[in-house]
Amino acid sequence: MQIIDAQIHDVGPWSDWTGESAELQHRIATELVIAYLDAVGVHGVVLFPGGDHASADWGAAALPDRIAYIPHITPDAPDIDGAVRAAKKNHNRGQLGLRAIIGWPLDGREVKRLEAGAWHPIFAACEKHQVPLFLFISGWLPRATDIAARFPRLTLILDHLGLRQPPLDDAEDPPFKSLPQLLELAKFPNVTVKLCGLPSLSREAYPYKDVAPRLRAVVDAFGAKRLMWASDATRFAGRIGLGRFQNPRTLGPYPGKHTYAESMHFIRDSDVLTAAEKEAILGGTARQVLGWSIAPK
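Throughout what follows, the structure given in this document is the object of discussion. (Residues numbered from 1 in each chain as written. Predicted model: local features only at pLDDT ≥ 70, side-chain atom pairs only at ≥ 80, totals over all residues. Heavy atoms only, no water.)

1. Points about the pairing of strand β7 (residues 191-195)
Burial runs high along β7: five of the five residues are buried. Going residue by residue along β7, you find Val191, Val193 and Leu195 tucked away on one face and Thr192 and Lys194 tucked away on the opposite face as well. In terms of strand pairing, strand β6 (residues 156-158) meets β7 through three bridges, oriented parallel. Across the sheet, the residue bridging to Leu156 is Val191, located in β7. As a crossover connection, the stretch from β6 through helix α7 (residues 179-184) into β7 is right-handed. For β7 and strand β8 (residues 227-229), the ladder comprises three bridges, and the chain directions are parallel. Across the sheet, the residue bridging to Lys194 is Met228, located in β8. Of the crossover connections in this fold, the one passing from β7 over helix α8 (residues 212-222) to the parallel β8 is right-handed. (Buried < 20%, exposed > 50% of the residue type's maximum accessible area, 1.4 Å probe, protein only. Helix = DSSP H or I, 4+ residues; strand = E, 2+ residues; numbered from the N terminus. Pairing = 2+ DSSP bridges. Right-handed = clockwise from strand over helix to strand, strands pointing away.)

Set out below in structure tokens:
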């Protein structure tokens, strides 16, 4: 089984690259990514870079069977349809889709733009050109329902189960208060869920047995072929990006903090999942939904 991690960000630590060539920066960033993967036995990764995705593009070109990437798009793009068409054209170069970040910042400003219709051209263009769209809308799951219903041919991948998670946000009280809203989305066949961050909502040590029933509920609702595992290890470890930022909340202990290995083994060694479900969640779904032609072992 070739395991695919459906999300990490640019890897840290932050460095000052003044005076160094772009190629050297890209080579080092790529080597850091591969070191992350090899350390825990993950074969491929989908990178979610910051504003500049040059290093991700370089890594995907150099190692197409190990690295792919998803840049984000906003309503401020000067040519939304053109950007989506370019994403479609770049699929064979490792750009497997786009990402809409609506649940951040936490003040809800992007949600207000969504409600005003500013994001709709992006949804329509991705539906038209059949470009998968990752949707970060944690804390606002009813809005995801509206999007899925209005754009039924849009391949929508819901980030982080749509649930508020530390360390960048505070979990709800109780942590799975909005889980029923997530499970309701299973009725939309165009919705896939990025199974990311369940360990962060646990109040126990690994193997996080208190959240295993929640995992089983999500699998029962969506089916494993509509779930893709992601570690988001850079977020939980505070290593979010060369030249981007390090969140101070991640520097010490916080509820739900976990390692890259614990995130992966939580799924791979789970006693509430079948072997076939693990195969799908840990790579099969990502290959199928994103059209990433990594041959499974």
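Now that the structure is up, let's keep going.
2. Considering the sheet that holds strand β3 (residues 67-69)
Read from one edge of the open sheet, three strands run β1-β2-β3, paired in parallel fashion. Every other strand in the sheet has two partners, leaving β1 (4-9) and β3 as the edge strands with one partner each. Each strand axis lies, on average, 30 degrees off the axis of its neighbour in the sheet, ignoring direction. Contacting β2 (44-48) and β3, helix α2 (residues 54-62) runs over the sheet at an angle of about 140 degrees to β3. (Axes fitted to C-alpha atoms, helices over the stretch in contact; angles between N-to-C directions. Contact = heavy atoms within 4.5 Å.)

3. Description of helix α10 (residues 260-268)
Along α10, the residues classified as buried are Tyr260, Ser263, Met264, Phe266 and Ile267. Along the axis of α10, the buried residues cluster in a sector spanning 150 degrees; they form a single face. (Arc of directions from axis to C-beta.)

4. A look at the packing of aromatic side chains
Within the structure shown, the criterion is met by six aromatic pairs. Ring geometry for Tyr206 against Tyr208: centres 5.6 Å apart, planes inclined by 90 degrees, an arrangement best described as edge-to-face. Look at Tyr206 and you get partly exposed, because its relative accessible area is 34%. A relative accessible area of 3% places Tyr208 in the buried class. Counting every residue linked through ring pairs, the aromatic cluster contains Tyr36, Trp229 and Tyr260. The positively charged end of Lys194 is found above the aromatic ring belonging to Phe48, 4.1 Å away from the centroid. (Phe/Tyr/Trp six-rings, centres within 6.5 Å; stacked < 30°, edge-to-face > 60°. Lys NZ or Arg CZ within 6 Å of the ring centre and 35° of its normal.)

5. Describing the pairing of β2
Of all five residues that make up β2, five are buried, and the element is covered over most of its length. Where β1 lies against β2, four bridges are found, and the strand directions are parallel. In the strand pairing of β2, His9 is matched with Phe48. Across three bridges, the pairing between β2 and β3 is parallel. By the bridge assignment, Val45 is partnered in β3 with Ile67. In this fold, the crossover linking β2 to β3 by way of α2 has right-handed handedness.

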